[in-house]
Amino acid sequence: MDVSNIITTPVILSAIPVFFLFIFAEIIAVRYFNQRGSLHAKDDSVSIFMGLFSVLTNGAAAFLTLGMLVWAQQFQIYALPLTWTTLIACFVVDDLRYYLHHRIAHRCRWPWAMHIIHHSSQRISFAVALRQGWTKHFTGTTILKVPLVLIGFDPLMVIFCGALNAVYQFFLHTDTVEKLPRWVEAVFNTPSHHRVHHGKNPQYLDANYAGTLIIWDRLFGTFVAEDPSDRPRYGLVKDFETFNPFRIFIHEYWGILKDIVRPQLSLRQRLLYVVAPPGWSHDGSRQSSRDIKRAAGLLDAPPNATHPAE
Ligand SMILES: [Zn+2]
Ligand SMILES: [Zn+2]
């Protein structure tokens, strides 16, 4: 076990009983108290299995990110002391880092191949929160943690804040909690905001990338409020029709592989099948989220739109 696991494992392990308590409470609330939400034992079981599996694989590969951050520490401009103030500052800056990672993960197919797993359920529930990618340390976006170390935060503090943020996000995944008090909805990510993020309705695509603080979406123009008259329909614009966790795990990586070996493509086109936004295709035969929004009249057509997907 490497040092980053010594930091993150207690956070995750101490959270697991709380996670199960909330999953259980949500089922009781929906089943016996008529609260809003959906019950699906198979879907929830798949999510829980995938959560446990991804804790193991991500834990085993965490040394890659920690190694990079410890290496970067020698170039640190200043070593900030370990205090409550620096911990809070680190959490806020790391939350901005999470926003950027999450936005990239939706707009670039390589990290999307990891993150698509989280969006593969057609429901939302606390159990669905556990449906996580198993290749988190291979997306390339972990490099976004390096600037935090360079400006003075300890690598272990950066990793701890990331784990804490992941725990907070668990509580966003429910249909049972309606809107929270206005000041909370204004500053923090909430179940209502995150339901929008999981929605495949055109107006909800590419919105609410926040981890803990919704202020980043408000600041960078990606915030969309949940419309009570148009509830989110959950899932992917092209849904998986499987409950096999291993098929879900490899789905998009397999798709990338099939695309890059297609005959008669230029090198640039093969590269774009890896890094272009999901839904990009060399012949415009697929739809990206922007194409879907444009078709729904939510975006202006590009000035020279002869090839819609490029
Ligand atoms: Zn997402
Ligand atoms: Zn989510």
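See the structure shown above.
**Digging into the packing of helix α3 (residues 84–107) against helix α7 (residues 155–170)**
- At a closest axis distance of 9 Å, the pairing of α3 and α7 adopts a crossing angle of 65°. In terms of axis orientation, α3 runs roughly perpendicular to α7. The chirality of how α3 crosses α7 is right-handed. Residues Leu87, Cys90, Phe91, Asp94, Asp95 and Tyr98 of α3 touch α7, and the partners they reach there are Met157, Val158, Cys161, Gly162, Leu164 and Asn165.

**Some remarks on the packing of helix α11 (residues 245–260) against helix α12 (residues 267–275)**
- It is at 9 Å that the axes of α11 and α12 come closest, and there the two elements cross at 170°. When the interaxial angle is binned, α11 and α12 end up roughly antiparallel. In contact with Ile256, Asp259 and Ile260 of α11, α12 contributes Arg270, Tyr273 and Val274.

**Details of α3**
- The end-to-end C-alpha separation of α3 is 35 Å, in line with the 34 Å expected for 24 residues at 1.5 Å each.
- Turning to α3, the residues buried within the fold contact α4 (109–115), α6 (146–150), α7 and α10 (215–220).

**Description of unusual backbone geometry**
- Backbone geometry places Asn34, a non-glycine residue, at a positive phi of 60°.
- Tracing the sequence through the fold places Asn34 in the loop between α1 (3–32) and α2 (41–72).
- Given 8 C-beta atoms within a 10 Å radius, Asn34 is considered exposed.
- One non-glycine residue with positive phi stands out, namely Gln264, at about 60°.
- One can find Gln264 in the loop between α11 and α12.
- Given 6 C-beta atoms within 10 Å, Gln264 falls into the exposed group.

Criteria and thresholds
- Residues numbered from 1 in each chain as written.
- Chains lettered and ligands numbered in written order.
- Predicted model: local features only at pLDDT ≥ 70, side-chain atom pairs only at ≥ 80, totals over all residues.
- Axes fitted to C-alpha atoms, helices over the stretch in contact; angles between N-to-C directions.
- Helix = DSSP H or I, 4+ residues; strand = E, 2+ residues; numbered from the N terminus.
- Parallel < 35°, antiparallel > 145°, perpendicular 65-115°, else oblique.
- Left-handed = near helix turned anticlockwise from the far one by under 90°.
- Contact = placed C-beta atoms within 7 Å.
- Expected span 1.5 Å × (residues − 1).
- Buried ≥ 20, exposed ≤ 12 C-beta atoms within 10 Å, placed from the backbone.

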